[in-house]
Every structure is written in structure tokens, then in C-alpha cells.
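A look at the structure
Letter by letter, the chains look like this.
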Amino acid sequence: MDKYQKLLEKGTNGCNYDLDTADIIQKLQVWDAKYGIELTEVESDQLIVTFSNLPDDLTELALEIYEFCPDTIDQGFGCTDDMINMLQESQQEIPAELQEMIEGINFDDENFGLEILKRSLISTKELFLWWD
């Protein structure tokens, strides 16, 4: 249980989504059993999960992540188009890794955030979760 001790110490929760520390630990244990995970940057309302292995098809995992932590898409990957627009409006260059991540993405598709999440997982094997 020591992998999850820091979550208990910090009281990591997603109370705005009716998730307490035990709920978060339970989900992380499922992911750990399936994929192997490491946890870093654990705080009261956030953490980073690094996956050792990922499934070939990330669709189910991406949907599971969204259900567990909607902010990952609603305030994160699903806002990529807004971020790009702000960069362009302020005449800032779009970073190369972001350009690669969004290549071929159809921003008119309401699920583009899920696709970018999957690409990010493939690229980094990391997932930033937060509940605010």
C-alpha cells in the first residue's frame, strides 16, 4: 500500500466529482494491475500517473480517464484549440511537440480532446489528473 501512502497523507480527492481518497486509490489500483503505474506530484487535488505499459488501442482507457477525471478533457486536452488560437492571436509560435500532437486533428470533431489525450499517452506515458 506504500505506493498510495502519499495520497492518504495528502487526502487526495475529487470532491467536486464525489471522489474521495479511497475512490482514487481504487481506480489507481485497477490501472496498476492492468498497466503498471508510478505516482508523482501527489497533492490534495492532483497527481501524475506514469504508465509502464499501455494497451494497443487506447480508446477504452481514454474514455475511462475522462469518466474518472473529466477535467483532463474539459479543462485540458479538449481546450487545445483555444490554446492554439491564443498563441496565434498573440503571434507566438506553436511549440513543435504541440504541432506534432495536433497534426491531422479535426477540431470540429467534438471528441478531438480524447484523440489528443491518446496521442499524449503514447508520447509521454504520463497523465496529469486534477479535480478542481
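Our structure's up above, just so we're on the same page.
For clarity, every value in this text was computed on a predicted model and none was experimentally measured.

1. What to know about the pattern of salt bridges
- The final tally for this structure, using the stated rule, is five salt bridges.
- A salt bridge links Asp32 to Lys3, with the shortest nitrogen-to-oxygen separation between them at 2.9 Å. Residue Asp32 is located in helix 2 (residues 21–35), and its partner Lys3 is located in the segment before helix 1 (5–10); the two are separated by 29 residues in the primary sequence.
- Its relative accessible area of 23% is what places Asp32 among the partly exposed residues.
- Residues Arg119 and Glu115 are paired through a salt bridge, measuring 3.5 Å at the closest nitrogen-oxygen approach. In this pair, Arg119 and Glu115 both sit in helix 7 (residues 112–124), four residues apart, roughly one turn of the helix.
- Classification of Glu115 as partly exposed rests on a relative accessible area of 29%.
- By sharing partners, the salt bridges in this structure join Glu115, Lys118 and Arg119 into a single network.

2. Digging into helix 3 (residues 59–68)
- Taken as a whole, helix 3 has its buried residues at Leu61, Ala62, Glu64, Ile65 and Phe68. One face of helix 3 carries all of its buried residues, which in axial projection span an arc of 160°. Opposite the buried face of helix 3, by more than 90 degrees, sit the exposed residues Glu60 and Glu67.
- In the core, the buried residues of helix 3 are packed alongside helix 2, strand 2 (46–51), helix 4 (71–74), helix 7 and strand 3 (126–130).

The rules behind the values
- Residues numbered from 1 in each chain as written.
- Predicted model: local features only at pLDDT ≥ 70, side-chain atom pairs only at ≥ 80, totals over all residues.
- Heavy atoms only, no water.
- Salt bridge = Lys/Arg side-chain N within 4 Å of Asp/Glu carboxyl O.
- Helix = DSSP H or I, 4+ residues; strand = E, 2+ residues; numbered from the N terminus.
- Buried < 20%, exposed > 50% of the residue type's maximum accessible area, 1.4 Å probe, protein only.
- Arc of directions from axis to C-beta.
- Contact = heavy atoms within 4.5 Å.

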